[in-house]
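# Chain and residue survey
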Amino acid sequence: MKNFLMKSAIASGVVLSLATITRPATAASFAVSIENAGAQTANYSNLVNYNVDAFTGQTAGYSATGLTWQNGSTTVGNYTNTLIENADQYGGAGGTGQYFDVDSNRSGNNQTVSTLNLTTPQSYFGLWWSAGDANNVLTFLSQGKVVYSMTTADVVNYIAGLSNKSSYYGNPNSAFQNQDSGEPFAFINFYDVGGTFDQVQFSNNGGTGFESDNHTVATGYNSISGNVVIKAVPESSSVLGVFAIGFVGAASVMTRRVKKKSVLQLS
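Residues numbered from 1 in each chain as written. Predicted model: local features only at pLDDT ≥ 70, side-chain atom pairs only at ≥ 80, totals over all residues. Heavy atoms only, no water.

### Some points on the overall build of the protein chain
- Scanning the protein chain from terminus to terminus reveals 4 helices and 15 strands.
- In the form shown here, the protein chain has an accessible surface area of approximately 12800 Å², with 54% of it arising from carbon and sulfur atoms. (Helix = DSSP H or I, 4+ residues; strand = E, 2+ residues; numbered from the N terminus. Areas by Shrake-Rupley, 256 points an atom, 1.4 Å probe, with all protein chains shown as cover.)

### A short note on the pattern of salt bridges
- Inspection of the entire model under this criterion finds 3 salt bridges.
- A salt bridge links D88 to R106; the shortest N-O distance between them is 2.9 Å. Here R106 lies in helix 2 (residues 104-107) and D88 lies in the loop between strand 6 (82-86) and strand 7 (98-101), a separation of 18 residues in the sequence.
- Its relative accessible area of 12% is what places D88 among the buried residues.
- The salt bridge partner of D101 is R106, with a shortest N-O separation of 3.5 Å.
- Using a relative accessible area of 32% as the deciding quantity, one classes R106 as partly exposed.
- It is possible to trace a salt-bridge network through shared partners that takes in E85, D88, D101 and R106. (Salt bridge = Lys/Arg side-chain N within 4 Å of Asp/Glu carboxyl O. Buried < 20%, exposed > 50% of the residue type's maximum accessible area, 1.4 Å probe, protein only.)

### Remarks on the sheet that holds strand 8 (residues 113-122)
- Sheet architecture is open: 6 strands sit in the order 4-5-8-13-10-11, paired in antiparallel fashion. Every other strand in the sheet has two partners, leaving strand 4 (67-71) and strand 11 (145-151) as the edge strands with one partner each. On average, each strand axis in the sheet is inclined to that of its neighbour by 20°, with strand direction left out of account.
- Direction of pairing for strand 10 (residues 136-142) relative to strand 13 (residues 197-204): antiparallel, over a ladder of 6 bridges. If you follow V137 over to strand 13, its bridge partner there is S203. (Pairing = 2+ DSSP bridges. Axes fitted to C-alpha atoms, helices over the stretch in contact; angles between N-to-C directions.)

### Some remarks on empty space enclosed by the protein
- Scanning all chains against the criterion turns up 1 cavity of 30 Å³ or more.
- Every residue lining the largest cavity is listed: A37, G38, A39, W128, S167, Y168, G170, P172, F185 and A186.
- Of the residues contributing to the lining of the largest cavity, the split by class is 7 nonpolar, 3 polar and no charged. (1 Å grid on protein atoms, 1.4 Å probe; cavity = no way out; pocket = protein on both sides within 12 Å on 5 of 7 lines; lining within 4 Å. Points joined across faces, edges and corners; volume = space filled by probe spheres on them. Nonpolar A, V, L, I, M, F, W, Y, C, P; charged D, E, K, R; others polar.)

### Things to note about helix 3 (residues 153-160)
- For helix 3, every residue scored as buried is listed here: A153, V155, V156 and I159. The buried residues of helix 3 occupy an angular sector of 160° when the element is viewed end-on, so they sit on one face.
- Next to the buried residues of helix 3 lie strand 1 (30-34), strand 9 (124-130), strand 11, strand 12 (186-192) and strand 15 (227-230). (Arc of directions from axis to C-beta. Contact = heavy atoms within 4.5 Å.)

### Here's the deal with the packing of aromatic side chains
- Going through the model one piece at a time under the given rule, you end up with 18 aromatic pairs.
- An aromatic cluster of three or more residues is present, and its members are F30, F55, W69, Y79, F100, F125, F140, Y148, F190, F197, F202 and F210. (Phe/Tyr/Trp six-rings, centres within 6.5 Å; stacked < 30°, edge-to-face > 60°.)

### A closer look at the environment of I159
- If you trace the backbone, I159 turns up in helix 3.
- With a relative accessible area of 0%, I159 lands in the buried category.
- Remark: the alpha-carbon pair of I159 and Y169, spanning 10 residues in sequence, is separated by 9.4 Å.
- Aside from chain neighbours lying at most four places away, what touches I159 is I34, W129, K165, Y168, Y169, P184 and A186.

### Brief notes about the nonpolar core
- If you look at the biggest cluster of nonpolar residues, it comprises 34 residues, and the most contacted ones within it are F125, L138, F140, F190, V200 and F202.
- In this view, F140 contacts F30, F125, K145, V146, V147, Y148, F190, F197, Q199 and V200; residues no more than four positions away in its chain are not counted.
- A31, A42, W128 and F187 belong to the second largest nonpolar core, which has 11 residues in total. (Core = buried A, V, L, I, M, F, W, Y, C linked by side-chain atoms within 4.5 Å.)

### Here we look at unusual backbone geometry
- Look at Q143: it is not a glycine, yet its phi comes out positive at around 50°.
- Summarising the element assignment, Q143 is placed in the loop between strand 10 and strand 11.
- Its identity as a non-glycine residue notwithstanding, N178 has a phi of 60°, on the positive side.
- Tracing the backbone through its elements, the reader meets N178 in the loop between helix 3 and strand 12.

### Brief notes about the side chain of N81
- Here N81 is to be found in the loop between strand 5 (74-80) and strand 6.
- With a relative accessible area of 19%, N81 lands in the buried category.
- Those residues in contact with N81 that lie beyond four places of it in its chain are Y62, S63, A64, G66, Q111, V113 and S114.

Listed below in structure tokens is the structure:
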């Protein structure tokens, strides 16, 4: 009987462990942070091998074929289904030049998603998120599979809880000072702590616009900087946790059964 119980307990642990191995792969963990109010660029000193696209000089308007992100002779990536706007109250870092947008109303082409295809996998992405709203969604993919997706509603909620939340609202640039005061403006950092990504999708399904500028990518980073909105939980930790539960569960069953048997012997 004891051997049977031990085998059953071990089998329970194995089943739990196998469930860990065979369960569908979960998304890679990301850490998300925002820079201090008024910041419109990444903390470049924290990044390794970074590139920035400020969209300066791009022709305003919608393009289904999109545009190429070029840094000298290096092609960082290419965008598809793009909308470029001249600086206004809703966007344009520094209050000048051009900025990136996803807006089905302003594009006139039912544009709800724009995709950045990266030439080389990256582990960091940042953008100056202007005139933000909860309909904005960022999705990161690796080899065609989603590794992380976040609605900026999380950032809106985080800012709402800050003591200086009012300093994030309204355009901070002198040319459009405090215009669009009902929406937040912040630089957001996305750190892939579990691997890399090679695509970024910008989505807006509410027709409210997803305005951004100073897109920044990096193959590495020194630390998670800025004010953390979402903490990363490495995938390996959760895997080991489930393994531990499986084996602790097995040990618990054996202990309970053995103790019960000894009690019966004493009675």
